[in-house]
Amino acid sequence: MTHDMENGRRTHAGIFKNGETDLTRGGITGSILMFAFPMIAGNLLQQCYNIADTIIVGRFAGPDALAAVGSSYTLMTFLLSVIIGLCMGSGVLFSMKFGAGDRAGLRKSVFTSFVLIGTVSLFITALTLSLLSPVIRLMNVPEEVFPDMKIYLAVICAGIPFTFLYNFLAFLLRSAGNSITPLWFLGIAVVLNIILDMVFIPVLGMGTAGAALATVISQIFSAAALARHTIRKYPELAAVRREEMKLEKKELGLISGYSFLTCVQQSVMNFGILMIQGLVNTFGTAVMAAFATAVKIDSFAYMPVQDFGNAFSTFIAQNYGAGKEERIRKGLKSAVLSSSVFSLAVSALIFIFAGDLMKMFVGNEPDVIGTGTRYLRIEGSFYIGIAWLFLLYGLFRAVGRPGFSLVLTVISLGLRVAVAYVMAPDHGIDWIWWAIPIGWFAADAAGILFWYAVRRRGKLLVLLQTTVFFIAAFNGI
């Protein structure tokens, strides 16, 4: 037990005065759920903001501005997935050291990862800004949309370092079991963003530049406010001492391994989705519209199990760092049961109300509604597959095997892309939808087998690793 704990910072059942939670103590299911709820709420808040932002831009800035903002989304998602992946990977290492009670080691990791990921963020910002025009040209953007899109992306990309700072601190606090504080600052930023949107766009007539500027100002505020709060309230985590400000080769290698493998995993996911989008586009506008709408419904439907998987990863990492094998085993059983029950319930609701949900978004478009309903009823019936996969991603990251989380992503998306491209052109659009759960369950099977092999530490592990990497290579990624 650390000196901080001995001096009474712990209040009860693993909860500290500043809100961080020691997930190595107390109840298991309740602790994971309470830790996950603020993360789920934050994502729902962000989704609601995205919808509000789209409505404001569409109503007050016109269709060209809306097209520019919408077309920028894929590129920004990819860039931000790199930053978030790096921060997520470091967060796993932070959780391990927090669970082990190694505060000095934790602060050293914080300093090293901050320098490393911060440098990468600045490089991405400079590279994107310098290549902005050619990148937009590669996206085949219409000429009338090009100016709005360029100024929007230029302003948004200038805010990438602040996005890094917020996410870095959010993952640091979550590693210590505090998922509530990042939610508060995110909520303030979202409200500020909407207010600034209403000032810059309809009042000042700044169009896409105003939308981008509102976003960046709110990012700067949330990052700066969270940094100040973290340093003042959590000095044992963030107030790095002079003697801890060292870039050691071993520490750099460790953080690079966790961060960059998680980053590649996030990037592979986005790349696979882009490939599926390309295939969907060949089936015409109605299918494109149905897919775009159904994917938005999807994001709300299984987002809670994704956040639950991230919360579960922090739980496992803290207990792995503390060497609590039995608690990890119980936590795994509890997480599988909780996510399975939730995902089955959501699948039932989606199957029943798929048509009504599509009508809420597209109105009276029978072809779009029919195709989207079919997608949701096929893919949405198997949310349990993605729920298990999110748990496996979090599990392998938390026990020091982030490379296998990447392999599972390659299996899932690689098989999905392969099945869709082989079957859909000759046998119909439904095969694109069926390919999704096929990929999920194939990755689930590989992950479960690999986990049992790891536990037994025998020849089966070597055989399974070889087989899985062969499958991943065969899938073409």
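**Let's talk about helix H8 (residues 180–203)**
Count 3.6 residues to each turn of an α-helix, and residues three or four apart come out pointing the same way. End to end, H8 covers 34 Å across 24 residues, agreeing with the expected 34 Å (1.5 Å per residue, within 8%). Two residues or fewer after H8 comes Gly205, characterised by a positive phi angle close to 65°.

**Observations concerning the pattern of salt bridges**
Note on pairing: side chains with opposite charge can pair once their charged atoms come close. Per the counting criterion, the structure on display carries 2 salt bridges. The closest approach of N and O atoms between Arg329 and Glu326, which form a salt bridge, is 2.3 Å. Residue Arg329 and its partner Glu326 are located together in helix H13 (residues 325–362), separated by 3 residues, close to a single helical turn. Residue classification places Glu326 among the partly exposed residues on the basis of a relative accessible area of 40%. Its salt-bridge partner being Asp430, residue Arg374 comes within 2.8 Å of it at the nearest N-O pair. Of the two residues, Arg374 is situated in helix H14 (residues 366–379) and Asp430 in helix H17 (residues 430–456); the sequence distance between them amounts to 56 residues. Judged by its relative accessible area of 44%, Arg374 falls in the partly exposed class. Judged by relative accessible area, which is 22%, Asp430 ranks as partly exposed.

**Looking at the packing of aromatic side chains**
Evaluation of the coordinates by the stated rule reveals 16 aromatic pairs. Measuring from centroid to centroid gives 6.2 Å for Phe396 and Trp451, while their planes differ by 75°, and the two rings are edge-to-face. Of this pair, Phe396 sits in helix H15 (residues 383–398) while Trp451 sits in helix H17; the two residues are 55 residues apart in sequence, bridging distant segments of the chain. The exposure class assigned to Trp451 is buried, which follows from its relative accessible area of 9%. Here the aromatic cluster, defined as three or more aromatic residues joined through ring pairs, consists of Tyr302, Tyr383, Phe390, Tyr393 and Trp440. Here the basic side chain of Arg174 rests over the ring of Phe171, its NZ or CZ set 5.3 Å away from the ring centre.

**Some remarks on the side chain of Asp444**
If you trace the backbone, Asp444 turns up in helix H17. Within the buried core, Asp444 has no salt-bridge partner, and the shortest N-O distance to an opposite charge, that of Arg397, equals 13 Å. Within the structure, the side chain of Asp444 is placed 3.2 Å from the backbone nitrogen of Leu389, a separation counted as a polar contact.

**A word on the nonpolar core**
In this structure, Phe312, Ile316, Leu376, Tyr383, Leu408, Ile432 and Trp433 are the most contacted members of the largest nonpolar core, which totals 70 residues. Here the element with the most residues in this core is helix H12 (residues 285–321); it accounts for 13 residues. Setting aside its immediate chain neighbours within four residues, Tyr383 contacts Asp298, Ala301, Tyr302, Ser343, Val346, Ser347, Ile350, Leu376 and Trp440. Of all hydrophobic cores here, the second largest spans 54 residues; its members include Ala65, Leu79, Ile160 and Val240.

**Regarding the packing of helix H7 (residues 160–175) against helix H9 (residues 207–233)**
At a minimum axis separation of 8 Å, H7 and H9 run at an interaxial angle of 40°. Of the two possible hands of crossing, H7 and H9 adopt the one that is left-handed. Across the interface between the two elements, Phe162, Thr163, Leu165, Tyr166, Leu169, Ala170, Leu172 and Leu173 of H7 pack against Gln219, Ile220, Ser222, Ala223, Leu226, Ala227 and Thr230 of H9. A per-class count over the contact of H7 with H9 returns 11 nonpolar, 4 polar and no charged.

**Things to note about a nonpolar patch on the surface**
Where nonpolar side chains cluster on the molecular surface, the patch consists of Val191, Ile195, Val199, Val203, Leu204, Met206, Leu213 and Ile217 and spans about 640 Å² of accessible area. At 4 residues, the largest contribution of residues to the nonpolar patch is made by H8. Within the fold, Val203 resides in helix H8.

**Some remarks on the packing of helix H4 (residues 103–130) against H7**
To describe two helices that pack against each other, one gives the angle between their axes and the distance between the axes. At a minimum axis separation of 9 Å, H4 and H7 run at an interaxial angle of 155°. Our classification of the angle between H4 and H7 gives roughly antiparallel. In terms of crossing hand, the pair formed by H4 and H7 is right-handed. Together, Val110, Ser113, Phe114, Ile117, Gly118, Ser121, Leu122, Ile124 and Thr125 of H4 and Ile160, Pro161, Phe164, Leu165, Phe168 and Leu172 of H7 make up the contact between the two elements.

What counts and how
In this convention, every chain numbers its residues from 1, walking through the sequence in written order. With pLDDT at 70 or above as the cut-off, local features in this predicted model cover only qualifying residues; side-chain atom pairs require 80 or more to be listed or tallied, and sums for whole chains, interfaces and linings still use all residues. Side-chain figures throughout are based on the complete set of non-hydrogen atoms in the structure, without hydrogens or water. Counting from the N terminus, the helices are DSSP H or I runs at least four residues long and the strands are E runs at least two residues long. In a helix, the anticipated span is given by 1.5 Å times the number of residues less one. For this document, the term salt bridge refers to a Lys or Arg side-chain nitrogen within 4 Å of an Asp or Glu carboxyl oxygen. With a 1.4 Å probe rolled over the protein chains alone, any residue whose accessible area is under 20% of its type maximum counts as buried; one over 50% counts as exposed, and the rest are partly exposed. Aromatic rings from Phe, Tyr and Trp, with only the six-membered ring used for Trp, were paired whenever their centres fell within 6.5 Å, and each pair was classed as stacked if the ring planes differed by under 30 degrees, edge-to-face if by over 60, and tilted otherwise. Either the NZ atom of lysine or the CZ atom of arginine qualifies as a charge over a ring when it sits within 6 Å of the ring centre and within 35 degrees of the ring normal. Residues counted as positive are Lys and Arg, residues counted as negative are Asp and Glu, and His and the chain ends are not counted. As used in this structure description, the phrase polar contact means that two N or O atoms lie within 3.5 Å; if the pair is within protein, one of them must be able to donate a hydrogen and the other to accept it, and residues adjacent in sequence are counted only when both atoms belong to side chains. Each nonpolar core is a collection of buried residues, namely Ala, Val, Leu, Ile, Met, Phe, Trp, Tyr and Cys, held together in the definition by side-chain atoms within 4.5 Å. By definition, residues are in contact when any of their heavy atoms lie within 4.5 Å. All axes here are fitted lines through C-alpha atoms, helices being fitted over the stretch that makes contact, and every angle between N-to-C directions spans 0 to 180 degrees. Note: crossing handedness is left-handed where the near helix turns anticlockwise from the far helix by less than a right angle, and right-handed where it turns clockwise. When residue character is reported, Ala, Val, Leu, Ile, Met, Phe, Trp, Tyr, Cys and Pro are called nonpolar, Asp, Glu, Lys and Arg charged, and the others, Gly included, polar. What goes into a patch is any residue over 30% in relative accessible area without a salt bridge, connected to like charges within 9 Å or, for nonpolar side chains (Val, Leu, Ile, Met, Phe, Trp, Tyr), within 5 Å. All accessible areas in this document rest on Shrake-Rupley with a 1.4 Å probe, and a residue is counted as covered only by the protein chains that are shown. We call two directions roughly parallel when the angle between them is under 35 degrees, roughly antiparallel when it is over 145, roughly perpendicular when it lies between 65 and 115, and oblique otherwise.

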